[in-house]
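Chain residues, written in single-letter form:
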Amino acid sequence: MEELLDHISAEIYQKSYVVVDGFVDEEFRKALLEEQIALLNQGKFRHAAVGVGEKKQIRTEIRNDQVLWMDAEDLSPLQAEYWEKVEGVRQAVNQRCFLGLRSFESHFARYPIGSFYVRHLDQFQAVPHRLVTVILYLNDSWTPADGGALRMYLPQEDGSELVEDILPLGGRLVVFLSGEIPHEVLPTNKERISITGWLRNID
């Protein structure tokens, strides 16, 4: 695990993002997926909003996923185990990149068939404390025909952008600097399940 954490922190330092396949084993992935489906069936998910505070609103032309925020004070055993894994990422990235990361916030995310999230940055004026985005995909299987890729627009030194599409394969972890990489979720042809969170420089 230490080698993997070193790899994650080195990639973040050198190119601002990293993709890690098999970050969690299949048994753990399936258990997290089953827990998320159970919570969904209990009606606990809500339509995701954009903006914060008084400006918070549901804008389905921007994003139409559904989310369930995790309560750091009331995590299930599975959620607590995942947070512990992310804590390892936090410590490793802090050690290499000196970002002053102090806490983690996270939610389950479900994209129904046909849903998407247009191009955006995770760090903006209202949430400057989000420094590192951490996404774990929980899907059972995925092919290019299923759509729903994470499209990243990677800034190049000459001012251009390199576009990279990342499929939401189960067990795959994607980590990137929240304020540096614009991204979108392309329309999905299949239900798409993940845990999305942010390492922050506040408690």
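All values derive from a computational prediction rather than experimental measurement.

Colleague: Honestly, the packing of aromatic side chains in this entry has me stumped. Any pointers?
Modeller: When we look at a pair of aromatic rings, we describe it by the centre distance and by the angle of the planes. On inspection of all chains with the given rule, the structure shows 2 aromatic pairs. One cation-aromatic arrangement involves Lys-15 over Tyr-17; the distance from NZ or CZ to the ring centre is 4.7 Å. Note that Lys-85 overlies the ring of Phe-28, its terminal NZ or CZ placed 5.3 Å from the centroid.

Colleague: When you look at unusual backbone geometry in this model, what are you seeing that I'm missing?
Modeller: In this structure, Ser-16 is a non-glycine residue whose phi angle is positive, near 75°. Of the residues examined, Ser-16 reaches a relative accessible area of 15% and is grouped as buried.

Colleague: Help me understand the environment of Leu-101, please; the structure alone is not making it clear to me.
Modeller: With respect to the element layout, Leu-101 can be found in the loop between helix 3 (77–97) and strand 4 (103–111). When the C-alpha positions of Leu-101 and Glu-184 are compared, they lie 24 Å apart, and in sequence the two are 83 residues distant. In contact with Leu-101, other than residues within four places in its own chain, are Arg-90, Val-93, Asn-94, Leu-131, Val-132, Leu-199, Arg-200 and Asn-201.

Colleague: What am I meant to see in the sheet that holds strand 2 (residues 46–47) here?
Modeller: Strand pairing in a sheet relies on backbone hydrogen bonds, with the paired strands running either antiparallel or parallel. An order of 1-9-6-11-4-3-2 is seen for the 7 strands of this open sheet, with the pairing classed as antiparallel. Bordering the open sheet on either side are strand 1 (17–20) and strand 2, each of which pairs with just one other strand. Summarising the sheet, strand 4 and strand 11 (residues 192–200) pair through 9 bridges and their orientation is antiparallel. Counted as the bridge partner of Phe-104 is Leu-199 from strand 11. Strand contacts of helix 1 (residues 2–15): strand 1 and strand 9 (173–177), with the helix running at about 145° to strand 1, the strand carrying the most contacts.

Colleague: I would appreciate a short explanation of the sheet that holds strand 7 (residues 150–155) in the present structure.
Modeller: Taken together, the 4 strands give an open sheet; going across it, the order is 5-10-7-8, and neighbouring strands pair in antiparallel fashion. The strands lining the two open edges of the sheet, one partner per strand, are strand 5 (117–120) and strand 8 (161–166). Taking each pair of neighbouring strands and ignoring which way they run, the sheet shows an average axis angle of 10°. Across 6 bridges, strand 7 lies against strand 8 in antiparallel orientation. Along strand 8, the bridge assignment pairs Met-152 with Glu-164.

Colleague: Help me out: how do you make sense of the pattern of salt bridges in this one?
Modeller: In the structure shown here, the tally under the stated rule is 13 salt bridges. The closest approach of N and O atoms between Asp-65 and Arg-63, which form a salt bridge, is 2.8 Å. The class for Asp-65 is buried, based on a relative accessible area of 1%. For Arg-63, a relative accessible area of 12% corresponds to the buried category. Residue Arg-102 is joined to Asp-203 by a salt bridge in which the shortest nitrogen-to-oxygen separation is 2.6 Å. With Arg-102 in the loop between helix 3 and strand 4 and Asp-203 in the segment after strand 11, this pair connects stretches of sequence that are 101 residues apart.

Colleague: Got a minute to help me understand the side chain of Glu-35 in this structure?
Modeller: By the element assignment, Glu-35 lies in helix 2 (residues 26–41). Although Glu-35 is buried, it forms no salt bridge, and the closest oppositely charged side chain is Lys-44 at an N-O distance of 11 Å. Excluding its chain neighbours within four sequence positions, the residues that come into contact with Glu-35 are Ser-76, Leu-78, Gln-79 and Phe-108.

Colleague: Quick question: what am I supposed to make of the environment of Glu-61 here?
Modeller: Relative to the assigned elements, Glu-61 resides in the loop between strand 2 and strand 3 (66–69). The exposure class assigned to Glu-61 is partly exposed, which follows from its relative accessible area of 45%. C-alpha of Glu-61 to C-alpha of Phe-116: the two residues are 55 residues apart in sequence and 8.8 Å apart in space.

Colleague: Help me out: how do you make sense of a negative patch on the surface in this one?
Modeller: Taken together, the side chains of Asp-25, Glu-27, Glu-81 and Glu-84 define an acidic patch exposed on the protein surface. Secondary-structure assignment places Glu-27 in helix 2. Overall, the relative accessible area of 67% leaves Glu-27 in the exposed class.

Calculation criteria
- Residues numbered from 1 in each chain as written.
- Predicted model: local features only at pLDDT ≥ 70, side-chain atom pairs only at ≥ 80, totals over all residues.
- Heavy atoms only, no water.
- Phe/Tyr/Trp six-rings, centres within 6.5 Å; stacked < 30°, edge-to-face > 60°.
- Lys NZ or Arg CZ within 6 Å of the ring centre and 35° of its normal.
- Buried < 20%, exposed > 50% of the residue type's maximum accessible area, 1.4 Å probe, protein only.
- Helix = DSSP H or I, 4+ residues; strand = E, 2+ residues; numbered from the N terminus.
- Contact = heavy atoms within 4.5 Å.
- Pairing = 2+ DSSP bridges.
- Axes fitted to C-alpha atoms, helices over the stretch in contact; angles between N-to-C directions.
- Salt bridge = Lys/Arg side-chain N within 4 Å of Asp/Glu carboxyl O.
- Lys, Arg positive; Asp, Glu negative; His and termini not counted.
- Patch = residues over 30% accessible without salt bridge, like charges linked within 9 Å, V, L, I, M, F, W, Y side chains within 5 Å.
- Areas by Shrake-Rupley, 256 points an atom, 1.4 Å probe, with all protein chains shown as cover.
- Charge placed at Lys NZ, Arg CZ, Asp CG, Glu CD.

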